[in-house]
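Architecture at a glance
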Amino acid sequence: MVNFKVILFIIGLLLIIEAFFMSICAPVSYFMGDTDAYFFLISAFVTFLTGSLLWLISRKHKHNLGKREGYIIVTLSWAIFSLFGALPFFLSEQIPSFTDAYFETISGFSTTGASILNDIESLSHGALFWRSLIQWLGGMGIIVLSLAILPFLGIGGMQLFIAEVPGPTPDKLHPRITETAKRLWGIYILFTVAEFILLVIGGMSVYDAICHSFTTMATGGYSTKQASIAAYPSPFIQYVIIIFMFLAGVNFTLSYYALRRRFSRVWENEEFRWYLGITLIFTLAIAIGLFIMRRGDPELCFRDSLFQVVSIITTTGFATADYLEWTPLLAFFILMLMFVGGSAGSTGGGIKVVRILILLKNSYMELKRLVHPNAVIPSRLNRVAIQPSIINNILAFIAFYILMAVIGILVMSALGFDVETSIGAVAATLGNIGPGIGDVGPADNFSQVPVFGKWFLSFLMLVGRLEIFTVILLFTPTFWKK
């Protein structure tokens, strides 16, 4: 039997946490001279009241939290957080359509960064701050946050952690999952503060520096400017954002080792070396292409190339240039990066470098096994043999990822979009990237997508953020059997 009371209990507590963060936006709006502080307070009150009611009716629950409860809690919490998180946008009529408000919000929480806004700067300071804050909360994860600040959720906390932070192997920095969550959030906050300070030094306003630090470390890509980072032509600002986008795409366990000066542990990690290598190779290839195309400043060509490569591979989605205006080959390089993603254990989305690495290693070893059928030739990662169950998991993940992408492309094509736009929309949402190609490229947005398409793409964003299995499991009959 599924323990529904513990599910309601934890979701109720999570809504109370969301109400607290939502209420922070009211003073921001007030002190910045806007008139929508009232709507944040109303939204926070409704969210707090709902959370409190759920907590009250389920407080006498049994503390048995299994895998099924973990998957249900994680999936529902992200969907429900987005539902209540859309209230400030909708009630203030800054986004008058609830479908659009929900799309914008789940795009924020899932750190996708796909937007329906045609004039971002028309939103109030409070709304833009909430828009950035939800990405920052979603970057490290709602459940990971709750485990860090609510120690008693440690009962069954590992089930929640695995469901929200899936991957080939869950990284733990401490035997206690609550301590792991605290350390992850500690690193996350440290990097956010460091970026904020550097952006202010670079000349960005305090308000914009806070918002962009939030969305950079979350690899979310929401900006307070319609032109994204192109609104800040300063090389210093752009290089600072590049550095922190890259750091956000690195496994946070490796960041922990680096901060403890255990650099050998970082360099020995094969996924990190591949992540760095892919970034450098694509950056150089595109930079050379841009220089040939533009015959302009070599440094600007390199910076535009590096910025877009890091932005796309980490699934951040910031833009300093419209890569659809580049040659078809260079745009194709960007499309390829959309299906790579950051490192496992980072805030980046996508398939993840480690999965692609293991897939390539196993494919190569399979060729060897064909030549030597009686030999035992295991695939290895970081000099350790990869368990067959992990390889099977990765093969299944990639198969489901491709299947979801194909279904998504068919759905978008059925809604009347051309193949290029359909591929771009699905790649951008399933990979949690933000801008795609075609009519949803970096110079456009998702406002022209019909209502059904927006709800479908919202579902893809959720599936992509929780890495497919967590959500898809809920739709299988086996999951609900005793």
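Data block above holds the structure.
Attention in this report is confined to the structure presented alongside it. These figures come from a predicted structure and were not determined experimentally.

If you tally the helices and strands in the protein chain, you get 22 helices and two strands. The C-alpha atoms of the protein chain give a radius of gyration of 22 Å, which matches the 23 Å a tight globule of 482 residues would have. In terms of overall dimensions, the protein chain has a C-alpha envelope of 65 × 55 × 50 Å along the principal axes. For the protein chain, with 482 residues in total, the buried portion stands at 57%. Partitioning the intrachain contacts of the protein chain with sequence separation of at least 6 by distance along the chain shows that 71% fall at a separation of at least 24.

Before going further, it helps to spend a moment on the packing of helix α14 (residues 270-294) against helix α17 (residues 353-371). It is at 9 Å that the axes of α14 and α17 come closest, and there the two elements cross at 100°. Classified by the interaxial angle, the pair formed by α14 and α17 is roughly perpendicular. Taken together, the residues of α17 that come into contact with α14 (itself represented by Glu270, Glu271, Trp274 and Tyr275) are Val353, Val354, Leu357, Leu360 and Lys361.

Among the secondary structure elements, arginine 355 is positioned in helix α17. Polar side-chain contacts of arginine 355 include one of 2.9 Å to the backbone oxygen of isoleucine 351.

Moving on to the layout of surface pockets. As a volume, the second largest pocket reaches approximately 460 Å³. Lining the second largest pocket are 34 residues, and of these Ile120, Gln226, Ser228, Pro442 and Asp444 sit closest to its centre.

Given two aromatic rings, their pairing is described by the distance between the two centres and the angle made by the two planes. Applying the stated rule across the entire model yields 27 aromatic pairs. With a centroid separation of 5.5 Å and 75° between ring planes, the pair formed by tyrosine 38 and phenylalanine 39 is classed as edge-to-face. Residue classification places tyrosine 38 among the exposed positions, given a relative accessible area of 53%. Seen from their ring centres, tyrosine 188 and phenylalanine 252 are 6.2 Å apart, and the 65° between their planes marks the pair as edge-to-face. On the criterion of sequence distance, the pair formed by tyrosine 188 in helix α9 (residues 177-201) and phenylalanine 252 in helix α12 (residues 252-259) is long-range, its members being 64 residues apart. Overall, phenylalanine 252 belongs to the buried group, its relative accessible area being 1%. The rings of Phe129, Trp136, Trp185, Tyr188, Phe191, Phe214 and Phe252 are connected pair by pair, giving a single aromatic cluster. One residue, arginine 131, lies across the ring of tyrosine 222, its end atom 3.7 Å from the ring centre.

Attention shifts here to the nonpolar core. Ranked by internal contacts, the top residues of the largest apolar core, which has 146 residues, are Trp130, Leu133, Met338, Phe446 and Leu457. When residues of this core are assigned to their parent elements, the largest contribution, 14 residues, is made by helix α1 (residues 4-31). Those residues within four positions of tryptophan 130 in sequence are excluded, and the remaining contacts are Glu18, Phe21, Met22, Cys25, Phe40, Gly85, Pro88 and Phe89.

We now examine the pattern of salt bridges. What the rule picks out here adds up to nine salt bridges. Linking lysine 225 and aspartate 208 is a salt bridge whose minimum nitrogen-to-oxygen distance equals 3.9 Å. With lysine 225 in the loop between α10 (206-217) and α11 (235-248) and aspartate 208 in helix α10, this pair connects stretches of sequence that are 17 residues apart. Given the relative accessible area of 25%, lysine 225 is considered partly exposed. Between arginine 303 and glutamate 299 there is a salt bridge; the shortest N-O distance is 2.9 Å. One end of the pair, arginine 303, and the other, glutamate 299, are both in helix α15 (residues 298-313), four residues apart, so they sit about a helical turn from each other.

As a further point, take α14. Compared with an ideal rise of 1.5 Å per residue, which puts 25 residues at 36 Å, α14 spans 36 Å between its outermost C-alpha atoms and is within 8% of the ideal. Its side-chain oxygen 3.1 Å from the backbone nitrogen of glutamate 271, asparagine 269 forms the N-cap of α14. Residue arginine 295 follows α14 closely and has a positive phi angle near 55°.

The next point concerns a nonpolar patch on the surface. On the surface, Leu8, Tyr38, Ile42, Phe45, Val46, Leu49, Leu53, Trp55, Leu56, Ile57, Phe90 and Leu91 cluster together into a nonpolar patch covering about 1100 Å² of accessible area. Looking at the nonpolar patch, the element that brings in the most residues is helix α2 (residues 37-58), giving nine residues. Tracing the sequence through the fold places leucine 53 in helix α2.

Quick look at a negative patch on the surface now. Judged by side-chain charge, Asp418, Glu420, Asp439 and Asp444 come together as a negatively charged surface patch. Relative to the helices and strands, aspartate 418 is located in the loop between α18 (388-414) and α19 (419-430).

Secondary-structure assignment places serine 228 in the loop between α10 and α11. Among the residues examined, serine 228 registers a relative accessible area of 11% and is labelled buried. A distance of 3.1 Å separates a polar side-chain atom of serine 228 from the backbone nitrogen of alanine 319. Setting aside anything within four residues of it in sequence, one finds serine 228 in contact with Ser223, Phe318 and Ala319.

When two helices pack together, their arrangement is given by the angle between the helix axes and the distance between those axes. Direction vectors running N to C along helix α5 (residues 98-109) and helix α6 (residues 125-140) enclose 40°, while the axes themselves pass 7 Å from each other. Overall, the two elements α5 and α6 adopt an arrangement that is oblique. Residues Glu104, Thr105, Ser107, Gly108 and Phe109 of α5 form the contact with α6, whose participating residues are Arg131, Ile134, Gln135, Leu137 and Gly138.

Moving on, we get to unusual backbone geometry. The phi angle at glutamate 93 is positive, at roughly 60°, despite the residue not being glycine. As for its placement among the helices and strands, glutamate 93 is situated in the loop between α4 (87-91) and α5. A positive phi angle, close to 55°, is found at asparagine 432, a residue other than glycine. Locating asparagine 432 in the fold gives a position in the loop between α19 and α20 (451-465). Overall, asparagine 432 belongs to the buried group, its relative accessible area being 1%.

Parameters at a glance
Each chain carries its own residue numbering, running from 1 in the written order of its sequence. Local features in a predicted model are, by the rule used here, given only for residues with pLDDT of at least 70; side-chain atom pairs are given and counted only at 80 or more, and totals for whole chains, interfaces and linings are based on all residues. The side-chain numbers reported here are obtained from all heavy atoms of the structure, hydrogens and water having been left aside. In DSSP terms, a helix is any run of H or I states spanning at least four residues, a strand is any run of E spanning at least two, and both are numbered starting from the N terminus. All radius of gyration figures rest on C-alpha atoms, and the globule criterion is 2.2 Å times the number of residues raised to 0.38. Each residue is assigned to one of three classes by its accessible area relative to the maximum for its type, calculated with a 1.4 Å probe on protein chains only: buried under 20%, partly exposed between the two thresholds, exposed over 50%. Residues count as neighbours in contact if any of their non-hydrogen atoms are within 4.5 Å of one another. Note on definitions: angles span 0 to 180 degrees between N-to-C directions of axes, and those axes are lines fitted to C-alpha atoms, for helices only across the stretch in contact. Comment on the angle field: the value is read as roughly parallel under 35 degrees, roughly antiparallel over 145, roughly perpendicular from 65 to 115, and oblique elsewhere. Whenever a nitrogen or oxygen atom comes within 3.5 Å of another N or O atom, the pair is scored as a polar contact, on the condition that within protein one atom can donate a hydrogen and the other can accept it, and that pairs from neighbouring residues in sequence are kept only if both atoms are in side chains. Only protein atoms enter the 1 Å grid used here, on which a cavity is any set of points holding a 1.4 Å probe that cannot leave and a pocket is any open set flanked by protein within 12 Å on both sides along at least five of seven lines; residues with an atom within 4 Å of a point are listed as lining. Grid points are joined across faces, edges and corners, and a volume is the space filled by probe spheres set on the points. Any two of the Phe, Tyr and Trp rings considered here, Trp counted by its six-membered ring, make a pair once their centres fall within 6.5 Å; the pair's planes then place it as stacked at under 30 degrees, edge-to-face at over 60, or tilted in between. Remark: a charge is flagged as sitting over a ring if the NZ atom of Lys or the CZ atom of Arg is within 6 Å of the ring centre and within 35 degrees of the ring normal. In this text, buried Ala, Val, Leu, Ile, Met, Phe, Trp, Tyr and Cys residues form a nonpolar core when linked through side-chain atoms within 4.5 Å. In the sections that follow, a salt bridge refers to a side-chain nitrogen of Lys or Arg positioned within 4 Å of a carboxyl oxygen of Asp or Glu. Here the expected span of a helix is defined as 1.5 Å times the quantity of residues minus one. Nonpolar side chains (Val, Leu, Ile, Met, Phe, Trp, Tyr) are joined into patches within 5 Å and like charges within 9 Å, using only residues with over 30% relative accessible area and no salt bridge. Per-residue and other accessible areas were derived by the Shrake-Rupley procedure at a 1.4 Å probe size, with only the shown protein chains allowed to occlude residues. His residues and chain termini do not enter the charge count, which takes Lys and Arg as positive and Asp and Glu as negative. Every charge is mapped to an atom, namely NZ of Lys, CZ of Arg, CG of Asp or CD of Glu.

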